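Here is how the chains run, residue by residue.
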Amino acid sequence: MLTGDTHDEEVSLFDAEEDAGKISKKVVKHPVASFFHLFFRVSATFVYLLCEFISGSFIASMVTIILLLSCDFWTVKNITGRLLVGLRWWNQVDDDGQSRWVFESRKGTGKQQTSDSESRIFWLGLIVCPVVWGIFAFSTLFSLRIKWMPVVIMGLTLQGANLYGYVRCKVGGKTSLKNMATNYFGQQFLKQALSKEEQS
């Protein structure tokens, strides 16, 4: 897979349902999607933590974890991101071999369809699990359980890729994450300087 992402593109979510009615912000409109958003990733984490107690077979545990991680990657990338927060992304390779990231998001009234509860479930699951797999990577490395390192790297890669794709969708495909962080910290510094000046 080519890693060049010089051609970013934002498109509207062409198959989003457009409801005229406004839903309550506390309602979970897609409970099945919310369940499966967390089910595969939490199951993979539990199987990793408990695999030595559940099964003595390293191969069976490894295959189970990788299958759960793959199901999670596909579900989050193609289903729950679209339903819960109205975002979807993919990497497309053109005929000339150029890699191009494509980001979709709901436009206009479609953004009103997402509820705060679903959004919190989506982003919390999306951010916490790669952090957990990062902790697993360090613990596997420091405990010298090297045979588990490929499984942990797979978990970190798949969940990190979804996190990266959805953060790029959220902030905009053309916005550099480095520029966004620089602007945020610049604004915070300015706010602190102004508040100290007002207190003087």
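You'll find the structure just up there.
Residues numbered from 1 in each chain as written. Predicted model: local features only at pLDDT ≥ 70, side-chain atom pairs only at ≥ 80, totals over all residues. Heavy atoms only, no water.

**Re unusual backbone geometry**
Using the following cut-off: Think of it this way: any DSSP run of H or I at least four residues long counts as a helix, any run of E at least two long counts as a strand, and we number them from the N terminus.
Located in the positive-phi region is Leu 144, a residue other than glycine, with phi close to 60 degrees. Looking at where Leu 144 falls in the secondary structure, it is placed in the loop between helix 3 (116–142) and helix 4 (149–171).

**Focus: helix 3**
Test applied: The length a helix should cover is 1.5 Å for every residue beyond the first.
With 27 residues, helix 3 ought to run about 39 Å at 1.5 Å a step, and its terminal C-alpha atoms sit 39 Å apart, in line with that. Just beyond helix 3, the residue with positive phi is Leu 144, at close to 60 degrees.

**Side note on the nonpolar core**
The cut-off we apply is this: The term nonpolar core refers to a set of buried residues drawn from Ala, Val, Leu, Ile, Met, Phe, Trp, Tyr and Cys, joined through side-chain atoms within 4.5 Å. Exposed residues in this analysis have more than 50% of their type's maximum accessible area, buried residues have under 20%, and partly exposed residues fall in between, with area computed by a 1.4 Å probe over protein chains only. By the convention used here, residues are in contact when the closest approach between their heavy atoms is within 4.5 Å.
By size, the foremost hydrophobic cluster in this structure holds 15 residues, and its most contacted members are Tyr 48, Ile 65, Leu 69, Trp 133, Trp 148 and Val 152. Take this core: its biggest share by element is 5 residues, from helix 1 (residues 31–54). Those residues in contact with Val 152 that lie beyond four places of it in its chain are Tyr 48, Trp 133, Phe 136, Ala 137 and Thr 140.

**Some words on the pattern of salt bridges**
Short version of the rule: One speaks of a salt bridge when a side-chain nitrogen belonging to Lys or Arg is within 4 Å of a carboxyl oxygen belonging to Asp or Glu.
Throughout the structure, instances matching the rule amount to 4 salt bridges. In this structure, the salt-bridge partner of Asp 72 is Arg 41, at a minimum N-O distance of 3.0 Å. Residue Asp 72 is found in helix 2 (residues 58–85), and its partner Arg 41 is found in helix 1; the two are separated by 31 residues along the sequence. Assessed through its relative accessible area of 1%, Asp 72 is described here as buried.

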